[in-house]
Amino acid sequence: MSLLSIVGVLSSAIFAGTSLLYTTLGEVIHQRSGIVDLGLEGLLLVSASTGFAVTSVSGNPYLGVLAAMLAGGLFNMVFGYLVINRKANQLASGLAMMFFGFGLSALIGNAYVGAKIDGLPRILLPGLSDLPILWTSLFKFDILIYLAIPVAFLVSWLLFRTRWGLGLRAVGENMDAAFASGRNPRLIRYQALFFGGLLAGLGAAHLSIAYTMSWGEHMTAGRGFIAVALVIFSRWQPLQAIVGALLFSGAIAFQLLLQSSGVQVSGFLLNTIPYVLTILVLIAWGGTRKHAAPASLGRVYYGSE
Amino acid sequence: MKKVLFISLAVVLALSVSLIGCEGEGEPAVLTIGAIYVGSIDDAGYNQALHDSIAEIGDNIEGVEIIEAENVPENACTAPMQLMIDQGADLIFATSFGYHDAALALSVDNPDVVFEWCGGGSDNATANFGTFFGEPPNGWYMMGMAAGLMMIEDEVTDPMFGFVAAFPIGWTRTFINAFTLGAQSVYAPVVPNATAAVEVVVAYTYSWSDLAQQAITTNALIDQGADVITMHVDAPTTVIGTAETRGVYSIGYQSVEAKKFAPLKWIGGIGFTFGDLLTGVAQDVISGNYTGANKYWGWDEGAMELAEWGPDVTEAIKTEVLDAKDDLEAGTLYPFTGPIYDRDTGLIAAIPKPPVGDPWLWLTANVTIPEWMLGWGDNFYVWGVTGGF
């Protein structure tokens, strides 16, 4: 393994892990308020296609990122109507939204499939400009990557150090108690869905506008579900989500590096490495009472009327 | 509230069902063509190449009407084709590999409609069912030559080429082998168990269109030392774009439009250009002279073309590749001229060229092939290919 390969794995982990991190942060907020959002995959696709389309039409990637975030938030509002107002089953509604997202994103993105856009500009880490392009291209990150960890800290602060976060977690633990203490569980869940949708949309925007700079149907390839798994992996803590996202993306990059170095193991088996690794870590950590799921996760709020 | 919802749902459903059978006003078309694609028609890849070819029929013949359906999944393609027949299609192009069986079945039920399937390896041809394809291995051989010549030009002593592929299917292995043999042909003759002059590393993403995975794979190959990147995936844009950001050469496949994604480091590419040939098929259908056949159109018939060359390619390289092209078209050069060395088991007897006049048959697992075709690229890699277990 040359130095370039190892550094390359780290760079790929950061590039691919950023969108995963934003998405996981969004889902952490959803699940902390007690809603399991299985429609993340559809949300990611709709946000990615919207952001890409807007960037392609307007030529402004920042506008595209904004559009993607808004699309994510609004998509979740539909989901919120289903699970909060109509009190539908969260899992089924989430899956229905996922399929809806497949179709809607294909419709939005159809005219832009082969389009070429100028993605977000990439800024080199300071002090490295003397290296050849083969190396510097590994360290040129766009602004969303630089913002990823600060945003994780922001979400952690929001959840654990503000009244709003307290109310949100209270709704996730016991909706009736939250209601009794004067909060509006429905409103808080809507807020959680919107804010989480903004974050997940940001992750999708990074994927299509900044990283791959293209759009294709189903381009997220299951990342929405990986984010749901990573939320559990990170025990509903935003800061641990950073580790989870980096670990998973790093494992993907590593197995592809193994494939590229001609190692004599079937590529199909190597492809399972990231998932096996996640399961192993989960087994090693085990479960504790302190890090259990929010008590009302997946429960519908019927109110006290 | 619920009542309103149910009523509006019923109205929407009724409207959408009634719109299905709608037809516009206008003169009857000379020929109505239906085409289904597994991806998007502007993906700068396979589907765009087929779409552009079919659209040329409309340019070449007056009064042709074309109905198209994109993103048709391979396991659910009967309904769209049937819908097109109901709308009056006389000629259906089923452009993806997995559409074969459904198209064949429909051709039995609809003897008045002609079905043309794009792909290789089928030996089904009836009065209203035919197949067509190009000769990609010849093109890959030329691209291998171009890549090798660029490395000699840049004085790279130990070149390594990265190949990003989706699935380890027969086509892909044949293309990898042809590419490798082409690159090796411009270096010294290959001797087994000696260090190969040219190394081709292949990595599989196990998806035709997982773009992020393609980006990571491209970077992994480049970090391993790849000097040129090429691919066999649905749409080449992400792989080529990623190679461009790393400052590495790229070679394209499927459509000749992909150069715009790598303005600096593009070497060349090959793509399908069936336009004139499909026009011939359409004219046969119009005149009533159509008979089904398994067609493998050669480079000399214009079924495939070289893409525009990149800015770094010298005139000498272009000349050498174009000379090889003439030889390949004339039949005096053949990519799989022996001796060929299987990287696992050693020497394979030179794979003989099929007798003159017979179509090429690229191997798929389900086709009964004559004995002289055994060992044809489907289940082995030539010496010099790394990875892809």
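What counts as what
Residues numbered from 1 in each chain as written. Chains lettered and ligands numbered in written order. Predicted model: local features only at pLDDT ≥ 70, side-chain atom pairs only at ≥ 80, totals over all residues. Heavy atoms only, no water. Helix = DSSP H or I, 4+ residues; strand = E, 2+ residues; numbered from the N terminus. Buried < 20%, exposed > 50% of the residue type's maximum accessible area, 1.4 Å probe, protein only. Contact = heavy atoms within 4.5 Å. Areas by Shrake-Rupley, 256 points an atom, 1.4 Å probe, with all protein chains shown as cover. Rg over C-alpha atoms; globule rule 2.2 N^0.38 Å. Lys, Arg positive; Asp, Glu negative; His and termini not counted. Charge placed at Lys NZ, Arg CZ, Asp CG, Glu CD. Pairing = 2+ DSSP bridges. Axes fitted to C-alpha atoms, helices over the stretch in contact; angles between N-to-C directions. Patch = residues over 30% accessible without salt bridge, like charges linked within 9 Å, V, L, I, M, F, W, Y side chains within 5 Å. Salt bridge = Lys/Arg side-chain N within 4 Å of Asp/Glu carboxyl O. Core = buried A, V, L, I, M, F, W, Y, C linked by side-chain atoms within 4.5 Å. Buried area = accessible area lost by both parts, 1.4 Å probe. Polar contact = N/O pair within 3.5 Å; in protein donor to acceptor, adjacent residues only side chain to side chain. Phe/Tyr/Trp six-rings, centres within 6.5 Å; stacked < 30°, edge-to-face > 60°. Right-handed = clockwise from strand over helix to strand, strands pointing away. Left-handed = near helix turned anticlockwise from the far one by under 90°. Nonpolar A, V, L, I, M, F, W, Y, C, P; charged D, E, K, R; others polar.

(A) Molecular detail of the overall build of chain B. Counting its secondary structure elements, chain B contains 10 helices and 15 strands. Within chain B, the fraction of its 389 residues that count as buried is 57%. Counting contacts in chain B only where the partners sit at least 6 residues apart, residues at least 24 apart contribute 70% of the total. Accessible surface computed for chain B: about 15,700 Å², of which carbon and sulfur atoms make up 55%.

(B) Summary view of the overall build of chain A. Looking only at helices and strands, one finds 13 helices and two strands in chain A. For 305 residues, the compact-globule estimate of 2.2 N^0.38 gives 19 Å, and chain A sits close to it at 20 Å. When its C-alpha atoms are laid out on the principal axes, chain A stretches across 65 × 45 × 40 Å. When burial is assessed residue by residue, chain A has 55% of its 305 residues classed as buried. Put simply, chain A shows about 12,500 Å² of open surface, and 69% of that area lies on carbon and sulfur atoms. Computing the positive centroid from 17 side-chain charges and the negative centroid from 10, chain A places the two 10 Å apart.

(C) Summary view of the sheet that holds strand 8 (residues 228-232) of chain B. Residue and element names in this part refer to chain B. Taken together, seven strands build an open sheet; the order of strands is 12-10-9-8-6-7-15 and the sheet is mixed. Taken across any chain shown, the strands that pair with only one partner, and hence form the sheet edges, are strand 12 (304-306) and strand 15 (385-387). Geometrically, the sheet is characterised by an average inter-axis angle of 20 degrees between neighbouring strands, direction not taken into account. As defined by bridge partners, strand 6 (residues 160-165) adjoins strand 7 (residues 199-204) across six bridges and the pair is classed as parallel. From the neighbouring strand, A165 faces strand 7, where its bridge partner is Y204. Of the strands in this sheet, strand 6, strand 7 and strand 8 are in contact with helix 7 (residues 211-223), which crosses strand 6 at around 165 degrees.

(D) Expanded view of a nonpolar patch on the surface. All names here are of chain A. Where nonpolar side chains cluster on the molecular surface, the patch consists of V276, I279, L280 and I283 and spans about 390 Å² of accessible area. Tracing the chain through its elements places I283 in helix 13 (residues 273-285). With a relative accessible area of 60%, I283 lands in the exposed category.

(E) Examining the nonpolar core more closely. Judged by nonpolar contacts, the single largest core of 80 residues is most densely connected at L25(A) and Y211(A). With 13 residues, the top contributor of residues to this core is helix 9 (residues 185-211) of chain A. Residue contacts for Y211(A): discarding those within four places in its chain leaves F15(A), A16(A), R122(A), H206(A), A212(B), A215(B) and I216(B). Residues M142(B), I176(B), L181(B) and I270(B) belong to the second largest nonpolar core, which totals 78 residues.

(F) Expanded view of the interface of chain B and chain A. The partner chain A presents 45 residues to the 38 residues of chain B that form the contact. Together, the buried faces of chain B and chain A total about 3,400 Å²; carbon and sulfur atoms form 56% of this surface. For the pair chain B and chain A, the interface holds one salt bridge. A salt bridge links D210(B) to R223(A), with the shortest nitrogen-to-oxygen separation between them at 3.7 Å. Taken together, the connections running from chain B to chain A amount to nine residue pairs in polar contact (both at pLDDT 80 or more). Of all elements in the fold, only strand 7, helix 7, helix 8 (237-246) and strand 15 of chain B reach the threshold of two or more residues within the side of chain B that touches chain A.

(G) Here's a closer look at the packing of aromatic side chains. All names here are of chain A. By the definition in use, this model includes 25 aromatic pairs over all chains. Summarising the aromatic geometry, the rings of F99 and F102 are spaced 5.8 Å apart at their centres and angled 85 degrees between planes, so their arrangement reads as edge-to-face. Within this pair, F99 and its partner F102 are both found in helix 4 (residues 90-109), separated by three residues, close to a single helical turn. Residues F248 and Y275 carry aromatic rings whose centres are separated by 5.4 Å and whose planes lie at 75 degrees to one another, so their mutual orientation is edge-to-face. Remark: Y275 occurs in helix 13 and F248 occurs in helix 11 (residues 238-260); sequence separation between them is 27 residues.

(H) Region of the structure containing a negative patch on the surface. Residues and elements named next belong to chain B. A grouping of D52, E56, D59, E257 and D276 is seen on the molecular surface, where their side chains present a negatively charged patch. With three residues, the top contributor of residues to the negative patch is helix 2 (residues 46-60). Note on placement: E257 falls in the loop between strand 9 (249-254) and strand 10 (266-272). Judged by its relative accessible area of 39%, E257 falls in the partly exposed class.

(I) Highlighting the pattern of salt bridges. Residues and elements named next belong to chain B. Taken as a whole and judged by the stated rule, the model has five salt bridges over all chains. Between E116 and K295 there is a salt bridge; the shortest N-O distance is 3.0 Å. Of this pair, E116 sits in strand 4 (residues 114-118) while K295 sits in strand 11 (residues 294-296), placing them 179 residues apart in sequence. By relative accessible area, which is 15% here, K295 ends up buried. Here D223 makes a salt bridge to R246, at a shortest N to O gap of 2.9 Å.

(J) Main features of the pairing of strand 1 (residues 31-36) of chain B. Residues and elements named next belong to chain B. With six of six residues buried, strand 1 is to be regarded as a mostly interior element. Across the two faces of strand 1 the burial is the same, with L31, I33 and A35 and T32, G34 and I36 all buried. Judged from the six bridges that link them, strand 1 and strand 2 (residues 64-69) form a sheet pairing that is parallel. Looking at the pairing, I33 lines up with I66 of strand 2. A crossover links strand 1 with its parallel partner strand 2, the connecting element being helix 2, and its sense is right-handed.

(K) Region of interest: the packing of helix 3 (residues 61-85) of chain A against helix 9 of chain A. Residue and element names in this part refer to chain A. Contact pair helix 3 / helix 9: the axes reach a minimum separation of 7 Å and the direction vectors enclose 145 degrees. The hand of the helix 3/helix 9 crossing is right-handed. Tallied by class, the residues present in the contact of helix 3 with helix 9 amount to 17 nonpolar, nine polar and two charged.

(L) Structural detail: the environment of I108(A). All names here are of chain A. Locating I108 in the fold gives a position in helix 4. A sequence separation of 137 residues divides I108 from A245, and the C-alpha atoms of the two residues are 28 Å apart. What I108 contacts, discounting residues up to four positions off in sequence, is V46, S49, T50 and A53.

(M) Representation of unusual backbone geometry. The phi dihedral of R235(A) is positive, around 50 degrees, even though this residue is not glycine. Counting through the fold element by element, R235(A) comes out in the loop between helix 10 (223-233) and helix 11. On the basis of relative accessibility, which here comes to 13%, the residue R235(A) falls in the buried class. Backbone geometry places E155(B), a non-glycine residue, at a positive phi of 60 degrees. For E155(B), the position within the fold is in the loop between helix 5 (136-153) and strand 6.

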